[in-house]
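# Structure assessment
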Amino acid sequence: MKLVLAVIQDADASALVRVLTANAFDVTKLASTGGFLREGNTTLMIGVTDERLAELKRHVQQTCRARTRLVTPGMPMGERNEGLVSDPVEVPVGGAVMFVMGVQEFVKV
């Protein structure tokens with residue numbers, strides 16, 4: 001048995017939960033924040049048997065896509081009093097990060 005924590009973009013959350021539920025995966029959805037842009041994202045907690053782990057990974061990979069986005073960093077260019085960088089920068093966002101952990105015991109009451 002494994003516990004998978006999948007950190008995904010909010011834009012992909014509904015579609016992925018729908019796909020996983022339709023394929024009989026039990027999913028718990030958590031709101032989370034983090035990453036380079038400090039934006040909201042979604043963390044899914046998914047219990048899965050070893051035999052279905054590859055299937056789960058396939059669903060996540062097919063549903064959660066990477067994108068690029070223009071952001072204005074607003075970060076100092078160098079030394080003090082030099083101003084802030086204000087030109088938009090294209091950065092990659094999206095996709096998924098999955099943490100797969102072994103589970104010693106699972107109890108459902």
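Residues numbered from 1 in each chain as written. Predicted model: local features only at pLDDT ≥ 70, side-chain atom pairs only at ≥ 80, totals over all residues. Heavy atoms only, no water.

It is worth spelling out the nonpolar core at this point. Judged by nonpolar contacts, the single largest core of 14 residues is most densely connected at Ile8, Leu16, Leu20, Leu44, Ile46 and Leu56. Secondary structure elements with two or more residues in this core: strand S1 (2-9), helix H1 (10-22), strand S3 (39-48) and helix H2 (53-63). Contacts of Leu20, omitting those with residues within four sequence positions, involve Phe25, Val27, Leu44, Ile46, Leu56 and His59. (Core = buried A, V, L, I, M, F, W, Y, C linked by side-chain atoms within 4.5 Å. Buried < 20%, exposed > 50% of the residue type's maximum accessible area, 1.4 Å probe, protein only. Helix = DSSP H or I, 4+ residues; strand = E, 2+ residues; numbered from the N terminus. Contact = heavy atoms within 4.5 Å.)

Take the environment of Gln62 next. Tracing the chain through its elements places Gln62 in helix H2. The class of Gln62 is exposed, set by a relative accessible area of 60%. Separated by 33 residues in sequence, Gln62 and Gly95 place their C-alpha atoms 9.5 Å apart.

Attention now moves to the packing of aromatic side chains. If you walk through the whole model with that rule in mind, you get zero aromatic pairs. The side chain of Arg52 reaches across the aromatic face of Phe25, ending 3.9 Å from its centre. (Phe/Tyr/Trp six-rings, centres within 6.5 Å; stacked < 30°, edge-to-face > 60°. Lys NZ or Arg CZ within 6 Å of the ring centre and 35° of its normal.)

You can see Val91 is positioned in strand S5 (residues 89-94). Taking the relative accessible area as the measure of exposure, Val91 reaches 10% and is therefore buried. Taking the C-alpha atoms as reference, Val91 lies 7.3 Å from Val71; in sequence the two are 20 residues apart.

To continue, consider the side chain of Asp12. Summarising the element assignment, Asp12 is placed in helix H1. Leave out the neighbours within four places in its chain, and Asp12 touches Thr63, Cys64, Arg65 and Arg67.

For the rest of this paragraph, the subject is the packing of H1 against H2. Axis separation between H1 and H2 bottoms out at 10 Å; the angle between their running directions is 145°. Along this stretch, H1 crosses H2, giving a crossing that reads as right-handed. Residues Asp12, Ala15, Leu16, Val19 and Leu20 of H1 touch H2, and the partners they reach there are Leu56, His59, Val60 and Thr63. Here the contact of H1 with H2 is built from residues that sort into six nonpolar, two polar and one charged. (Axes fitted to C-alpha atoms, helices over the stretch in contact; angles between N-to-C directions. Left-handed = near helix turned anticlockwise from the far one by under 90°. Nonpolar A, V, L, I, M, F, W, Y, C, P; charged D, E, K, R; others polar.)

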